[in-house]
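# Coordinate analysis (summary)
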Amino acid sequence: MMDTSEYIALFLEEAAEQINILEQDILLLEQSPSQEVLNEIFRAAHTLKGSSRAMGFTAMGELTHAMEDVFDALRNGELSVSTGMVNRLFDALDTIKAMRDQIAEGGTSDIVCDELVQSLRDILGGSASNTPTAVPEPEQTRSGLTLQEHEREAALTALDNGLGVYRLTVHLAEDTLMKSVRALMVLQTIDANGGVVIASHPDEDALDNEQFDLSFELLVATDKPVEQLRSVLLQISEIREVEVASWQEATTPRLAQATTGTGAAAPPSEAPSAEEPVPQPTQPATPPAAKSEEEKTASRTPTPSQTVRVDVARLDTLLNLVGELVIDRTRVAQLGREFEARFQHDELVDSLLETAGHIGRITDELQEHIMKARMLPIEHVFNRFPRMIRDLAQKFGKEVRLVMEGQETELDRSVIEIISDPLIHMLRNSVDHGIEPPDQRESLGKPRQGTIRLSARHEENHILIEIEDDGKGMDPTHLREAAVRKGILTRDAAERLSDREALNLIFAPGFSTAKEVTEVSGRGVGMDIVRSNVQRVGGIVEVDSTPGKGTRFSIRLPLTLAIIRALLVGVAGQVYAIPLSSVLETLKIQPDTVQFVGRRPVIVLRGRTLPLVSLQAYFSKHGADITDSRRAEEPMFVVVVGLGERQIGLVVSHLIGEQEIVIKSLSRYLGEISGVSGATILGDGRVALILEVADLFDNVSAYAA
Amino acid sequence: MSTATMTSVAERQVVAFRLGNETYAIDISYIHEIIRMKEITFVPNAPHYMRGVINLRGRIVPVMDLSARLGLPAQDETAQSRIIVIEVNGESIGMIVDAVSEVLRLPEDQIEPPTQMSDTESTGYISGLGKVNDRLVLLLDVEKVAERV
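Here we summarise the structure given alongside this text.

With that settled, the discussion passes to the overall build of chain A. A count of helical and extended segments in chain A gives 25 helices and 22 strands. Across the 705 residues of chain A, 46% fall into the buried class. Put simply, 70% of the contacts in chain A that link residues at least 6 apart link residues at least 24 apart.

Here it is in structure tokens:
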């Protein structure tokens with residue numbers, strides 16, 4: 001066996017992609033089987049089969065082959081979809097996933113799947129003629145590249161759309177060890193370069209199984225210069241030569257075909273008339289016009305966007321470097337202004353300022369683009385939810401429809417990593433506690449099937465994720481009682497809570513509304529963990545609920561964690577940065593408006609009591625308390641910060657202004673510092689600490705206790 | 001000393017610096033750079049011997065007061081004061097010293113294990129005693145100094 005390690009990474013990536021497609025499509029299959037889905041699913045299984053076999057993972061190849069057979073039977077209408085079948089397909093897919101993970105870890109997989117393969121074959125059992133290997137291939141014994149009707153049509157459509165269609169003959173070097181791998185790489189390279197393989201000789205199955213000599217032929221449609229494609233293909237090792245010939249359909253008068261759109265005026269040519277009576281094996285007869293439309297989209301969709309895979313660490317490094325640049329840009333601009341003040345009307349100063357301005361704009365753009373490069377569509381998290389909801393619903397005997405919106409919404413990958421677990425937990429809650437059992441729903445006059453709506457969208461500088469269900473909702477009265485029962489609140493305190501505040505009780509540590517702890521929801525990860533996870537990345541989670549109608553959770557997240565806007569404030573000769581996301585407003589107050597509740601200083605702001613925290617006192621070991629600043633009869637500056645429903649006022653020496661800052665971690669050596677989340681470097685090179693507002697709130701409630 | 005039988009004895013290159021009246025030294029391989037004093041941003045709620053953080057060309061580096069760390073009397077900052085930035089286990093840490101004197105070559109056979117000095121808590125941070133021209137140099141156990149408390 002040759003060394004395949006260089007392909008392993010590629011294989012694993014691709015396998016993950018195909019597994020993902022399979023998972024989504026099997027779900028779709030269950031909900032609304034369509035020929036389109038079946039085709040895609042078949043393609044994914046087929047690709048996975050081919051690459052796993054080529055890499056020598058025969059068990060995985062076997063299993064995907066068995067799945068492929070089932071899909072094929074579905075596609076040909078020999079079978080129809082059933083829940084049992086879908087469950088078995090999912091079992092198989094899970095096994096393939098496990099195999100892939102094993103391979104990723106140790107390079108091999110020892111998972112045995114004979115039983116699964118058998119159970120998949122049992123599904124096929126009904127149609128005995130359909131032996132496992134019988135993937136129907138019409139015209140198996142073609143010599144040379146001859147086109148079937150639908151292939152020829154696809155080629156013609158491609159020409160009509162202004163694409164070039166070429167016949168490529170690929171010759172492999174004589175001592176090529178794994179011909180199928182090379183063939184696969186050729187196909188993938190064409191795919192990755194925007195080409196579409198319309199037909200091949202021998203067919204793709206034969207290519208997979210190395211049933212060819214040293215050359216094979218492909219019919220390829222592409223909108224790029226074919227020479228470019230050829231030179232890319234020649235870069236694949238062990239590809240000796242690629243012959244290119246442009247393809248023209250000689251027998252069909254193309255002009256005539258192009259004018260058939262209007263119908264009657266066209267002279268009856270062979271091709272269109274032949275088309276109608278021949279029933280396509282996989283597609284129900286559709287009017288020719290609609291069909292060519294379909295062909296067009298079909299030939300467009302497989303063209304992937306031109307992408308390169310980049311290591312995340314490299315992007316992180318780039319972002320760090322840009323961070324440096326942002327700091328230097330500010331510094332250069334500042335120096336420019338200082339020079340200007342010192343040497344007015346000097347030409348050199350002018351051109352320095354001009355250059356500094358230019359560097360500033362370029363840096364801004366660079367930063368923006370690198371930030372964008374780190375963005376991923378939230379799809380990456382959402383993708384696994386349909387399957388999860390389906391399994392959960394089945395387990396709890398509920399009927400649930402998951403509607404997802406805005407999967408294409410992009411956010412920074414660091415945020416994506418953090419948001420995944422909280423979302424899983426909330427969705428579980430919705431299925432487990434939110435949606436009622438079907439019978440109960442029916443008796444309430446609701447549709448038997450509950451709906452969970454998961455949506456993501458951009459809102460200003462934030463991303464808003466909402467999870468909404470039409471289940472039983474939460475009753476503030478019950479929540480108050482539960483809080484008292486669990487000793488979280490005194491009865492008095494509970495009675496004083498507004499309905500909204502009562503709903504927020506679910507985020508309190510140790511609070512779980514489930515009457516019984518279930519396997520799924522009662523795992524000790526409560527809503528308090530959800531909230532602290534969201535808050536850790538500077539997000540906010542809110543809940544809204546109407547008893548009997550449903551519940552809605554809203555999560556507001558920053559787009560990125562690397563660069564934020566912050567309010568800079570001065571405290572005792574040092575500069576602190578307060579993330580703007582938590583700043584509500586700034587106030588200038590007279591010291592005599594400060595009142596005391598017990599020993600705690602407060603002010604009254606628009607009728608509400610606002611507790612004050614002196615940053616100087618908080619950060620000072622020798623507790624200079626708030627009264628110190630009262631001695632000076634000067635006005636005080638207060639920054640009002642919010643965390644969920646709560647607000648406090650931070651007393652600072654002075655306000656400096658708003659600025660974009662690059663977040664840097666405080667040295668690991670210093671460890672966790674209460675009230676500080678990190679540091680940033682200011683334009684003048686000084687270091688400013690970034691406030692961790694949540695810590696300050698904890699501290700206030702500690703006072704209160 | 002007398003055990004040296006080879007013509008050349010292994011040497012250790014160290015950077016010598018002053019803390020109060022004593023001369024200390026650090027193995028040169030730990031030293032990232034030596035810089036003049038610069039503005040240090042105080043970090044609240046950190047260990048008492050930590051003076052804060054500095055900006056070292058875009059990196060945030062914590063700085064400790066080495067005298068305080070070793071339990072020595074506090075020294076005033078002077079024009080000779082320096083920050084020695086060391087790298088231990090991938091972490092950069094700055095240490096404030098009173099003055100950096102020179103780079104010394106200490107023959108291994110001139111280094112003795114630390115004796116039970118009557119001295120203070122600093123003893124625990126000394127890995128050896130070197131003698132150069134009849135001067136006593138205290139070799140700092142960098143790993144220990146850099147240990148988090």
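Back to the write-up after that little detour.
Once that is clear, we can look at the overall build of chain B. Each helix and strand in chain B was counted, giving two helices and 11 strands. Counting contacts in chain B only where the partners sit at least 6 residues apart, residues at least 24 apart contribute 57% of the total. For chain B, the accessible surface area stands at approximately 7,800 Å², while carbon and sulfur atoms represent 47% of it.

Turning next to the interface of chain B and chain A. Facing the 25 residues of chain B at the interface are 23 residues of chain A. Here chain B packs against chain A, burying approximately 2,100 Å² in sum over the two surfaces, 60% of which is carbon and sulfur. Where chain B packs against chain A, one counts one salt bridge. Two residues, Glu39(B) and Arg686(A), come together in a salt bridge whose shortest N-O distance is 3.5 Å. On inspection of chain B and its partner chain A, the count reaches five residue pairs in polar contact (both at pLDDT 80 or more). In terms of residue class, the side of chain B that touches chain A is made up of 14 nonpolar, four polar and seven charged.

A separate point is unusual backbone geometry. All names here are of chain A. Pro-202 follows His-201 through a cis peptide bond whose omega is -5°. When you line up the elements, Pro-202 lands in the loop between strand S2 (196-201) and helix H8 (204-208). Of note, the phi angle at Ala-572 is positive, near 50°, even though the residue is not glycine. Turning to its location among the elements, Ala-572 is positioned in the loop between strand S12 (563-571) and strand S13 (574-579). Given the relative accessible area of 48%, Ala-572 is considered partly exposed. The backbone of Arg-606 sits at a positive phi, close to 45°, despite the residue not being glycine. Positionally, Arg-606 belongs in the loop between strand S16 (600-605) and strand S17 (608-614).

Take the packing of helix H17 (residues 413-434) of chain A against helix H22 (residues 527-536) of chain A next. All names here are of chain A. The N-to-C vectors of H17 and H22 enclose an angle of 150°; their axes lie 9 Å apart at closest approach. Between H17 and H22, the angle is such that the two are roughly antiparallel. Handedness of the crossing formed by H17 with H22: left-handed. Listed contacts from H22 to Ile-418, Ile-419, Pro-422, His-425, Met-426 and Asn-429 of H17 are Met-527, Val-530, Asn-533 and Val-534. Broken down by class, the residue content of the contact of H17 with H22 amounts to seven nonpolar, three polar and no charged.

Turning our attention to the nonpolar core. Residues Ile26(A), Leu63(A), Met67(A), Phe71(A), Leu120(A), Leu168(A) and Val186(A) are the most contacted members of the largest nonpolar core, which totals 66 residues. Residue assignment places this core across two domains, with domain 1 (5-124) and domain 2 (149-248) of chain A each supplying three or more. For Val186(A), the residues in contact, after removing those within four places along its chain, are Val170(A), Phe216(A), Leu218(A), Leu233(A), Ile236(A) and Ile239(A). Within the second largest apolar cluster, 61 residues are counted, among which are Tyr669(A), Ile673(A), Val97(B) and Leu138(B).

Together, Glu340(A), Glu347(A), Asp350(A) and Glu354(A) make up a negatively charged patch on the protein surface. Sort the elements by how many residues they give to the negative patch and helix H14 (residues 347-373) of chain A lands first, with three residues.

A few words on the pairing of strand S8 (residues 450-459) of chain A. Residue and element names in this part refer to chain A. Bridge count for strand S6 (residues 400-405) against S8 is six bridges, and the pairing is parallel. Residue Arg-401 lies in a different strand from S8, and its bridge partner there is Thr-451. In this structure, S8 lies alongside strand S9 (residues 462-469), joined through eight bridges in antiparallel fashion. Following the sheet pairing, Leu-454 is matched in S9 by Ile-467.

There is a patch of nonpolar side chains on the surface, built from Val332(A), Leu335(A), Phe339(A), Phe343(A) and Leu352(A) and spanning about 350 Å² of accessible area. Along the chain, Leu352(A) turns up in helix H14.

Another point: the packing of aromatic side chains. For the structure on display, the rule yields six aromatic pairs over all chains. Between the aromatic rings of Phe17(B) and Tyr24(B), the centroid separation amounts to 6.1 Å while the plane-to-plane angle is 15°, which identifies the pairing as stacked. Judged by relative accessible area, Phe17(B) falls into the buried class, the value being 0%. Chaining the aromatic ring pairs together yields one cluster made of Tyr576(A), Tyr618(A) and Phe619(A).

Further remarks concern the pattern of salt bridges. Inspection of every chain in the model, using the stated rule, returns 39 salt bridges over all chains. We note a salt bridge from Asp439(A) to Arg448(A), for which the minimum N-O separation is 3.0 Å. For the salt bridge of Glu77(B) with Arg51(B), the shortest nitrogen-to-oxygen distance reads 3.4 Å. Here Glu77(B) is found in the loop between helix H1 (66-70) and strand S6 (82-88), whereas its partner Arg51(B) is found in strand S4 (residues 50-56), with 26 residues between them in sequence. Overall, the relative accessible area of 33% leaves Arg51(B) in the partly exposed class.

Here is what the cut-offs are and how they apply
- Residues numbered from 1 in each chain as written.
- Chains lettered and ligands numbered in written order.
- Predicted model: local features only at pLDDT ≥ 70, side-chain atom pairs only at ≥ 80, totals over all residues.
- Heavy atoms only, no water.
- Helix = DSSP H or I, 4+ residues; strand = E, 2+ residues; numbered from the N terminus.
- Buried < 20%, exposed > 50% of the residue type's maximum accessible area, 1.4 Å probe, protein only.
- Contact = heavy atoms within 4.5 Å.
- Areas by Shrake-Rupley, 256 points an atom, 1.4 Å probe, with all protein chains shown as cover.
- Buried area = accessible area lost by both parts, 1.4 Å probe.
- Salt bridge = Lys/Arg side-chain N within 4 Å of Asp/Glu carboxyl O.
- Polar contact = N/O pair within 3.5 Å; in protein donor to acceptor, adjacent residues only side chain to side chain.
- Nonpolar A, V, L, I, M, F, W, Y, C, P; charged D, E, K, R; others polar.
- Axes fitted to C-alpha atoms, helices over the stretch in contact; angles between N-to-C directions.
- Parallel < 35°, antiparallel > 145°, perpendicular 65-115°, else oblique.
- Left-handed = near helix turned anticlockwise from the far one by under 90°.
- Core = buried A, V, L, I, M, F, W, Y, C linked by side-chain atoms within 4.5 Å.
- Domains from an automatic or database assignment.
- Patch = residues over 30% accessible without salt bridge, like charges linked within 9 Å, V, L, I, M, F, W, Y side chains within 5 Å.
- Lys, Arg positive; Asp, Glu negative; His and termini not counted.
- Charge placed at Lys NZ, Arg CZ, Asp CG, Glu CD.
- Pairing = 2+ DSSP bridges.
- Phe/Tyr/Trp six-rings, centres within 6.5 Å; stacked < 30°, edge-to-face > 60°.

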